[in-house]
Amino acid sequence: EMSGGSDEAVRIVGLAAPQVLQEGALVTVLHWAHALPETAILADGRLATCVGWALFLTGEVERAEQYAESARANLSPGADSLSRGRLVGLQSFLANNRGQDTEALKLGKRALKLLGGADPFFRSAILSNLGDAQAGLGDLRGAAQTYRQVIQLGEQLGNYFAADYAVASLAGQLCVQGQLREAILLCQRAVEQHVDARGNPLPSTGIVYLTLGTMNYETNDLERAD
C-alpha cells in the first residue's frame, strides 16, 4: 500500500472519528483503525486520541494507555483546543483507572475548560469520570451533583451514552446511602426514556438494566430481577 494512500486514509478517518464516537459507535472506530497501519495512527495525535478513547471504553486499557502516550507525543503544541481537550479527557480516564483520583479530577477539569460548550459526547463522558473521581475522594455530594449534570446534559442532547453510566453510578451511590426506592425510580425512568427512535432500548442502557435487576434482587422481587 502506498504511503500517500495511508496518509490520506488516516486524515479522512481522523476527521470522521470524533463524530462517530459522538454517536457511541466505538466498534466502528476500531474497525477503521484495524484497516489502517498502526504506525500511521500512532503518529497522528488526533486520530490516536480517538482510537485511544474507543479502546478504553471497550476495556482495552493497556492499549489505550499506549495510544494516549503516543497522542501526547504527536499532538502539535498548536493543536486546536478540542483536540487537546479530548486527549486530556482520555488522560483523566486513565488516571482514574489507575486509582489516581486527584490527578483524574485535575485533568478532567482542565479537559472541560478546553472543550468549552462543544463536543457533547466527550463533555458528558469526562463529567462522568469527574463524578467517579469525586466519589473516590469521598466527596459524595459533589459526585451526585456531577452525575445529575451528566444525566441532564445527555437527556437535553439525546446523547445517552454517558448519561446511562451516570444513572447507574448515581443509583449505586443512592443504594449505599439507603435510598433504594429513589435509586429504583431513577433507573426505571432512564430505561423508559433512553430509547431509540423506534422505542427500543439503546445498547448503553444495558448498564441501567443490570443495576435495576440487582436492586430488584435486593428487594426480593425475583421475577422482575430476572
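For the structure, check the block above.
**Student:** What is the right way to look at helix H8 (residues 120-136) in this model?
**Tutor:** Across its 17 residues, H8 extends 24 Å between first and last C-alpha, which sits within 8% of the 24 Å expected from 1.5 Å per residue. A positive backbone phi angle near 90° is found at Gly138, which sits one or two residues after H8.

**Student:** How do you make sense of the packing of aromatic side chains when you look at a structure like this?
**Tutor:** Between two aromatic rings, the relevant description is the distance of the centres plus the angle of the planes. Taken as a whole and assessed by the stated rule, the structure comprises six aromatic pairs. For the pair Trp53 and Phe93, a centre-to-centre distance of 5.3 Å together with 65° between the ring planes defines the contact as edge-to-face. A residue pair is termed long-range when its members are at least 10 positions apart, and Trp53 in helix H4 (residues 45-57) and Phe93 in helix H6 (residues 81-97) qualify at 40 residues. By the burial criterion, Trp53 is buried, and Phe93 matches it. Between Phe56 and Phe93, the ring centres sit 5.3 Å apart and the planes meet at 65°, which makes this aromatic pair edge-to-face. Here the residue Phe56 occupies a position in helix H4, and Phe93 occupies one in helix H6, the gap between them amounting to 37 residues. For the residue pair Phe56 and Phe93, the accessibility class agrees, reading buried in each case.

**Student:** Would you take a moment to explain the environment of Glu192 for this structure?
**Tutor:** Note on placement: Glu192 falls in helix H11 (residues 180-193). When the C-alpha positions of Glu192 and Thr205 are compared, they lie 9.9 Å apart, and in sequence the two are 13 residues distant.

**Student:** It is not clear to me how the packing of helix H10 (residues 160-176) against helix H12 (residues 206-218) should be interpreted in this structure. Could you clarify?
**Tutor:** Packed helix pairs are specified by the crossing angle of their axes together with the interaxial distance, meaning the distance between the axes. Taken N-terminus to C-terminus, the directions of H10 and H12 make an angle of 20°; their axes are 8 Å apart at the nearest point. The angle between H10 and H12 places the two elements in the roughly parallel class. When you trace H10 past H12, the crossing you get is left-handed. Contact residues: Asp164, Tyr165, Val167, Ala168, Ala171 and Cys175 in H10; Ile207, Val208, Thr211 and Met215 in H12. Of the residues in the contact of H10 with H12, the class split is eight nonpolar, one polar and one charged.

Thresholds, definitions, all that
Residues numbered from 1 in each chain as written. Predicted model: local features only at pLDDT ≥ 70, side-chain atom pairs only at ≥ 80, totals over all residues. Heavy atoms only, no water. Helix = DSSP H or I, 4+ residues; strand = E, 2+ residues; numbered from the N terminus. Expected span 1.5 Å × (residues − 1). Phe/Tyr/Trp six-rings, centres within 6.5 Å; stacked < 30°, edge-to-face > 60°. Buried < 20%, exposed > 50% of the residue type's maximum accessible area, 1.4 Å probe, protein only. Axes fitted to C-alpha atoms, helices over the stretch in contact; angles between N-to-C directions. Parallel < 35°, antiparallel > 145°, perpendicular 65-115°, else oblique. Left-handed = near helix turned anticlockwise from the far one by under 90°. Contact = heavy atoms within 4.5 Å. Nonpolar A, V, L, I, M, F, W, Y, C, P; charged D, E, K, R; others polar.

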